[in-house]
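# Structural characterization, general
Spelled out from the first residue to the last, the chains are:
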Amino acid sequence: MASSLQAMPSRVLVVALLVLLAFAAPSGASAKVPRGFFGVAVDGPALTAGGGLGAQASAIRATGTRSVRAAAYWSDLEPEAGQLQLGSFDALVLDAARKGLSVLPVVHRTPSWAAARPNVGSSPPADPATYARFLARLVARYGPSGTLWREHPEVAKLSIRKWQIWNEPDLTTYWDDPNWAPGYVRLLKAARKALKKADPHSVVVAAGMTRKAWADLRKLYAAGGRNSFDVAAIHPYSREVGNVLEIVKRSRQVMRLAGDSRKPLLLSEISWSSGKGRSTTNYGWEFSEAGQATRVKAIVPLLAKNRLALGLDGVYWYTWMTDVPGGPNSFEYSGLRRLGTDGRPVDKPALAAWRKALKLLG
């Protein structure tokens, strides 16, 4: 090793040593994460089985988790232009607030009346202004002066200030245009303008980029997106724990080259599946339930330890609870909990690992 270091130019050696020191820093101050830094996604059975989030919120809080990420489906909440149906999301926000859980909404899925291609479920909006108006209405409902809080004075107000603009537009599953970046940046710019007008202190979170997240971040910047968001986001899925960190570092490098070295980076989804031997639609990161727990145990302290060096804004595990085993898709086994055949929640080994890891972080 000494001979390798000696062969390096002095400038490169200094940089290498600084990087090594940053990632070998003691776990003290850097491991003490802010409230809500580690969160969980809530969808599927977490919202539909046995009382929904109201029944799960206490269990989520008991792990030390203080934040949840939830889809705000535009198609469900405004099925007709100007006709809001917010009851389901009202219930989610109130259930979370009662247990002191902040909510990060990811606002996506175009209703047919606003879609560029009405018959395509993943169509982007025909006009970004329609999406922007919807966001402003959500702020009026759930923001610091939101009508929800005036209608429910019995619930301690926990205003929504962070808003994630769409989900994984780099995938045609969510944005039906392979050349997604220019259209998505137009949407981001309209969303930012609307959010800052409705709540000047709102935080605009870009959609989480997946696959080769760093390459898609590069496309976002190339399309002129730099000044249209406050927090970048990625979904660094990988088989190896160390590769998650590598994806984050590559994404950080893209942000630095774009002049965004000070901008926070959110990991709005991380996960490993416990679908090994069960799921048939796989992505390469499937393990047993014990293997999933091992990776939870490893990734939580690793990200906490390096959060300052990497400029991380937070981390969300996907997902809190999945269905009864038997589904084909790997993500159907990603939960920290799952439903049993009797319809009751079953704690997976990953849940114990998550709880213990957060407890060790204080």
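Data block above holds the structure.
For the structure given in this document, a descriptive report is provided here. Per chain, residue numbering runs from 1 following the sequence as it is written. Since the coordinates come from a predicted model, pLDDT governs what is reported: local features require at least 70, and pairs of side-chain atoms require 80 or more to be given and counted, while whole-chain, interface and lining totals use all residues. Heavy atoms from the whole structure form the basis of all side-chain values; hydrogens and water molecules are not counted.

## Let's talk about the pairing of strand E2 (residues 67-73)
Think of it in three bands: with a 1.4 Å probe and only protein chains considered, a residue is buried below 20% of the maximum accessible area for its type, exposed above 50%, and partly exposed in between. Numbering of helices and strands starts at the N terminus; helices are DSSP runs of H or I of at least 4 residues and strands are runs of E of at least 2. For E2, a buried count of five out of seven residues is recorded, marking the element as mostly surrounded by other parts of the structure. For two strands to count as paired, DSSP must find a minimum of two bridges between them. Bridge analysis of E2 against strand E3 (residues 102-108) gives seven bridges, and the strand direction is parallel. The partner of Ala 72 across the bridge, within E3, is Val 107.

## Observations regarding the pattern of salt bridges
Criterion for a salt bridge: a side-chain nitrogen of Lys or Arg within 4 Å of a carboxyl oxygen of Asp or Glu. Here the structure, examined in full by the defined rule, presents 16 salt bridges. For Glu 289, the salt bridge identified is with Arg 338, shortest N-O distance 3.2 Å. Of this pair, Glu 289 sits in helix H13 (residues 289-305) while Arg 338 sits in strand E10 (residues 337-339), and the two are 49 residues apart along the sequence. Two residues, Arg 337 and Asp 347, come together in a salt bridge whose shortest N-O distance is 2.7 Å. One end of the pair, Arg 337, is in strand E10; the other, Asp 347, is in strand E11 (residues 345-347), with ten residues separating them in the sequence. You can call Asp 347 partly exposed: its relative accessible area is 43%.

## Some thoughts on the sheet that holds strand E6 (residues 232-234)
With respect to topology, eight strands assemble into an open sheet ordered E5-E4-E3-E2-E1-E8-E7-E6, the strand pairing being parallel. A single partner strand is all that each edge strand has here, and the edge strands are strand E5 (203-206) and E6. If you compare each strand with its neighbour and ignore which way they point, the axes differ by 25° on average. Running at roughly 145° to strand E7 (residues 265-270), helix H12 (residues 241-257) makes contact with E6, E7 and strand E8 (312-317) of the sheet. Lines fitted to C-alpha atoms define the axes, with helix axes restricted to the stretch in contact, and inter-axis angles between N-to-C directions lie between 0 and 180 degrees. Between two residues, a contact is recorded if the distance between any of their heavy atoms is within 4.5 Å.

## Re the pairing of strand E1 (residues 38-41)
The alternating pattern of E1 places Phe 38 and Val 40 on one face and Gly 39 and Ala 41 on the opposite face, and all of these are buried. Where E1 and E2 come together, two bridges link them in parallel fashion. Note that in E2 the partner of Ala 41 across the bridge is Arg 69.

## Things to note about the sheet that holds strand E9 (residues 321-322)
Spatial ordering of the open sheet is given by E9-E10-E11, a layout of three strands whose pairing is mixed. Looking at strand neighbours, the two that pair on one side only are E9 and E11, the edges of this open sheet. Pairing of E10 with E11, which is carried by three bridges, proceeds in the antiparallel orientation. The residue of E11 that forms the bridge with Leu 339 is Pro 345.

## Looking at the packing of aromatic side chains
Stacked, tilted and edge-to-face are the three classes assigned to paired rings of Phe, Tyr and Trp, where Trp is represented by its six-membered ring and a pair needs centres within 6.5 Å; plane angles under 30 degrees give stacked, over 60 edge-to-face, the rest tilted. Applying the stated rule across the entire model yields 19 aromatic pairs. Judged by centre distance (6.0 Å) and plane angle (75°), the rings of Tyr 318 and Phe 331 are edge-to-face. Of this pair, Tyr 318 sits in the loop between E8 and E9 while Phe 331 sits in the loop between E9 and E10; the two residues are 13 residues apart in sequence, bridging distant segments of the chain. Judged by relative accessible area, Tyr 318 falls into the buried class, the value being 18%. Judged by its relative accessible area of 24%, Phe 331 is partly exposed. Cluster of aromatic residues (ring-pair linked, three or more members): Trp 74, Trp 113, Tyr 131, Phe 134, Trp 166, Trp 175, Trp 180 and Tyr 184. Our definition puts a charge over a ring when NZ of Lys or CZ of Arg is within 6 Å of the ring centre and also within 35 degrees of the ring normal. Cation over ring: Arg 109 sits above Tyr 73, and NZ or CZ is 3.7 Å from the ring centre. The ring of Phe 37 is capped by Arg 307, whose NZ or CZ atom sits 6.0 Å from the centre of that ring.

## Section: helix H15 (residues 349-360)
In an α-helix, one turn spans 3.6 residues, which is why side chains three or four residues apart end up on the same side. End to end, H15 covers 17 Å across twelve residues, agreeing with the expected 16 Å (1.5 Å per residue, within 8%). Considered for burial, the residues of H15 that qualify are Ala 350, Leu 351, Ala 353, Trp 354, Ala 357 and Leu 358. Down the axis of H15, the smallest arc covering the buried residues is 160°, so these residues share one side. Along H15, the residues that are exposed and aim more than 90 degrees away from the buried face are Lys 356, Lys 359 and Leu 360. Elements in contact with the buried residues of H15: E1, H13, E8, E10 and E11. Downstream of H15 by a residue or two, Gly 362 has a phi angle that is positive, lying close to 80°. Between the first and last residue of a helix there are one fewer steps than residues, each counted as 1.5 Å, and that sum is the expected span. This arc is built from the directions going out from the helix axis to the C-beta atoms.

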